[in-house]
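Next come the chains, spelled out residue by residue.
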Amino acid sequence: NMTADNEMDIKEAFQRAQKGHNNKAKLVASLKSRYNKLEDKTLFHDEFVHYLKYTMIVYKREPCVENVIDFVAKFATKEEEEEEEEEPEDHPFLSFIFNFLLESHKANSHAVRFRACQLINKLLGSMAENAQIDDDLFDRIHQAMLVRVTDKFPNVRIQAALAMTRLQQPKDPDCPTINAFMLILENDSNAEVRRAVLSCIAMSPLTLPKVLKRTRDIKENVRKLAYQVLADRVHIKALTIAQRVGLLQQGLHDTSEVVREVVCSRLLPAWLGRLEGGAIELLHRLDVENCAQTALDTLKAIFKGTPPEELLQNRVQLDNRKVIPEDSLTCENVLYWRALCEFIKAKGDDGEEMLEQVLPDVATYADYLFGYLKAVPVLSEEQRANFNQLELVMTKEFISQQLIHLIGCLDTNEEGSRKRMLAVLQEMLALPQTPFSLVSLLTEKLLTLISDDQKRIQTVAEIISDVREPIMEVNQPVDENKRRRQQVQLAEVKVHILETKQALEDCISTQEFNRAAELKDSISELENRRNQIIQEIAESNQPVDKEMCSEKNDPETLLRCLTMCAELLKQMNIKSRIGPTISALMSSLILPSIANAHPGVRNMAVVCLGTCTLHSKDLGKTHMVLLLQIAQLDEVKIRISALRAIIDLLLLFGFELLSDTAATQTAPPSQSPDRQEEDAPSAEKGDASEGTTQSVLVMLSEFLDSEVSDLRTEAAEGLSKLMYTGRISSAKIFSRLTLLWYNPVTEDDTRLRHCLGVFFQLYACESRAHQEVVEESFLPTVRTLMNAPATSPLAEVDINNVVELLVELTRPTTLIKPSTNTEEVCVHDYLAVRMCGEMLKDPTAPEVRLYAKTLSNLELSRDETVRKDLQTLMQELVVKDRVCLRALEKMLLQLVDSREQAELLSASALQPLDVNADGKHAKAICTEENLLTSD
């Protein structure tokens, strides 16, 4: 008996420690007083561990157990706090506890392993910051925790990871702890384990990329913690521009509101607090010229958390015109100005007064914009080779774009102001000096100021005419032959004048006055003729300026015109029909440009053609063949534009748009008609022939195998849209899309995988008919994966993952409007029959086990016919494969009540399954003797 009058024994200390209201410091002090008086501490150690073991066999996080663990940690580190100057060997109890825990971490019981790691974590965490431990003990703890971070129980891994927090050596590139942490972040399947490592991993150039990657984790709580860690422990200057932009782009558009809130409330304030220049300085750190939209989203997120009065205090420096002086414009301050105005504009009537303080009137802004745009220099080819000059022009073009965007914030309701702005925009579009990068944006803003479609068409057509056929003054050279003839005529007239004057003098001397009067009139006529010739000679000696119109067909001019035309067609109402003006643009501009040698011109012409055909079904039918040919023969960028146009036409008008005459032109020459008929999926039937429809779908399907990722992605997205809207219904195409999603070749194609991931979920839950398509694609998809050669990328695909996806997609409960009839035959019933049929064909096939496992995961209806069919199939499988029969039994037990189970199982000649065989309801009894048994 170790109890004394004024001291507490170990048992009582453990009992009191379980209660949260007790003062653990007094408990620790009282027990420590007894411990220090003992000369032989062996018995104390043994009894302490004896009572500690009762705590260590409890896996559940009970409050009383947690209190005891905290008490043990405080008691063990008490002597370390009192004697910080001493060596570790002078702390016998702490060393003893560490040794006990290190021996316990290999126990069979996961509860013991969990408590051992938890206590090691608590002990290390309770030690002083400058504490030291023996190198040998350090290595033993290190090795033990490296083993436990691979434990099969997540809670054990969590505590082991937390225990290694103080064992990290960030300056050592080969630190085993940090390497283990990075491996866990990459590969651990449990989100809480990843969170635990995120919370304690030391930040360094080596670990930073791993933490950044967790901002894209599949679990929102991991992403949230990753952003919190970056906000609290990583300076913005430690990140590259690409990393900063990536964090903001992903965080501000995260699907989880919780993550978005952390970015706005933790990350952005942390960055702003470390930068002296505030939001403008943050923009300097983001390279806004290459990520304008991300910068805008960032600024709007900052504005949301800023009081209205501070918004105006922090506004950019405007002059008395309420604009930024031209010589003070930078990419950062103009983008801030735009973001501020758009944010205030979005407030509606509440922000009208504030908006007047940061924007001038329309007329003033129109003159300001016109003056800046005209000052943007135009570089020659030689000047473009100078990077400094090119960079300056690109900066001015970016600023110009932001100034043009600000037009949307102006109040253009007043007619006079709107006309002034329209005049400026029209003049800028007509000027050949206007940079091409501004044409689309200028056209867009011009069209937003005009509400009537016909007036829009007329305005843009006039601008295109001015750009393509400008009125030019031509200097006409002097005609030398004409001038020589005029000189001869002048000489002849002068001679006649002299002769006539001589004759006049003779008539006067002979007093022939009638004749003299006639000669005098002749002299007057000759002098008038002489003066006329002299005037003609004077005029012919000077070049004559004439106004002439000549059509320009250079690539730059055609691109400008086609860009304006494309923007016009995009802004037009889809129900607006093609009028004479658009038809004239089609014949004079768009169609001739299809055959232009310049790829950019051809691409923009295809975009215009595709958009134009959406306004007229007849026009679409006329040019569908041309678009199909372009999609197969031209350059990649142009093929993608043509493919988009084809998909849009099929989505809008359906496959009846196709004509029989297109069949031979759209069919790929490399395939025979038999192969086309075999591979082509079914589509909706209209006026178009089935052969043409199949040929087009075969062409679209072949794009899925393209080596060009952009073309492959566009085809996959297009086929997904056609299937979702019901234009086609094809199990083969669905199977192809599923295999494409899982194919390792598309691993880096983020857009493709995101598109297909969204499509699968939306498509399957839309209707039962869609689920039937998924069910029909099940067996072809499995066969393709099972038969994939070792050299194929599909051989690396986890077939169980694919099967699990298809089963989940076909669950009746996933439908948006599930059937209320519980007796209705569901899609899983058909899938079960199909799989059983496959199992009967060859019970020794490798996929039989896969089918058997899948059968037990199906949600089957209680339809009597289905039950009888499956029961018959089960009886046929009795003599062929017992494992498969077990799975089928488990499936059938879902369909019948308890009274029928015995009869059903006896029919299959098998023993009833043990519902507790998985051990979920079994309760292990731990004793002190077997508690610490090694693995």
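Predicted model, so just to flag it, every value in this text is computed and none were measured.

Under the counting rule described, the total for this entry stands at 39 salt bridges. Of the charged contacts in the structure, one is a salt bridge between Arg-515 and Glu-518, with a shortest N-O distance of 3.8 Å. Residue Arg-515 and its partner Glu-518 are located together in helix H28 (residues 513–540), separated by 3 residues, close to a single helical turn. Under the relative-accessibility criterion, Arg-515 is labelled partly exposed at 42%. Residue classification places Glu-518 among the partly exposed residues on the basis of a relative accessible area of 48%. Each of Arg-644, Glu-714, Glu-717, Lys-721 and Arg-751 takes part in salt bridges that share partners, so that together they form one network.

Before going further, it helps to spend a moment on the UniProt feature "coiled-coil region" (unreviewed entry) in the protein chain. Under the present numbering, the feature "coiled-coil region" (unreviewed entry) in UniProt falls on residues 509–536. Annotated as 89% helix and 0% strand, the span residues 509–536 places its first and last C-alpha atoms 37 Å apart.

On to a negative patch on the surface, then. Taken together, the side chains of Asp-349, Asp-350, Glu-352, Glu-353, Glu-356, Asp-411 and Glu-414 define an acidic patch exposed on the protein surface. Along the chain, the position of Glu-414 falls in the loop between helix H23 (387–405) and helix H24 (415–430). Classification of Glu-414 by relative accessible area gives partly exposed; the value is 46%.

Let us look at the nonpolar core. If you look at the biggest cluster of nonpolar residues, it comprises 162 residues, and the most contacted ones within it are Trp-337, Tyr-365, Leu-403, Leu-700, Phe-734 and Phe-778. Ignoring sequence-local partners within four residues, the contact set of Phe-734 consists of Met-723, Phe-759, Phe-760, Tyr-763, Val-773, Val-774, Ser-777, Leu-806 and Leu-809. Listed in part, the 95 residues of the second largest apolar core include Leu-119, Ala-163, Val-234 and Ile-236.

A few words on the environment of Ala-731. Note that Ala-731 resides in helix H38 (residues 731–742). Using a relative accessible area of 12% as the deciding quantity, one classes Ala-731 as buried. With 41 residues separating them along the chain, Ala-731 and Glu-772 place their C-alpha atoms 8.7 Å apart. If sequence neighbours within four positions are ignored, Ala-731 has contacts with Val-773, Glu-776 and Ser-777.

With that settled, consider the packing of helix H3 (residues 42–56) against helix H6 (residues 92–104). Where H3 contacts H6, the axes come no closer than 12 Å and their chain directions differ by 45 degrees. In this view, H3 runs oblique relative to H6, as classed from their interaxial angle. You can see that H3 and H6 cross each other, and the crossing is right-handed. For the pair H3 and H6, contact is made by Phe-44, His-45, Phe-48, Val-49, Leu-52, Lys-53 and Met-56 and by Phe-93, Phe-96, Ile-97, Phe-100, Leu-101 and Ser-104, respectively.

Conventions adopted
Residues numbered from 1 in each chain as written. Predicted model: local features only at pLDDT ≥ 70, side-chain atom pairs only at ≥ 80, totals over all residues. Heavy atoms only, no water. Salt bridge = Lys/Arg side-chain N within 4 Å of Asp/Glu carboxyl O. Helix = DSSP H or I, 4+ residues; strand = E, 2+ residues; numbered from the N terminus. Buried < 20%, exposed > 50% of the residue type's maximum accessible area, 1.4 Å probe, protein only. UniProt positions renumbered as here; feature names shortened; annotations may be inferred. Patch = residues over 30% accessible without salt bridge, like charges linked within 9 Å, V, L, I, M, F, W, Y side chains within 5 Å. Areas by Shrake-Rupley, 256 points an atom, 1.4 Å probe, with all protein chains shown as cover. Lys, Arg positive; Asp, Glu negative; His and termini not counted. Charge placed at Lys NZ, Arg CZ, Asp CG, Glu CD. Core = buried A, V, L, I, M, F, W, Y, C linked by side-chain atoms within 4.5 Å. Contact = heavy atoms within 4.5 Å. Axes fitted to C-alpha atoms, helices over the stretch in contact; angles between N-to-C directions. Parallel < 35°, antiparallel > 145°, perpendicular 65-115°, else oblique. Left-handed = near helix turned anticlockwise from the far one by under 90°.

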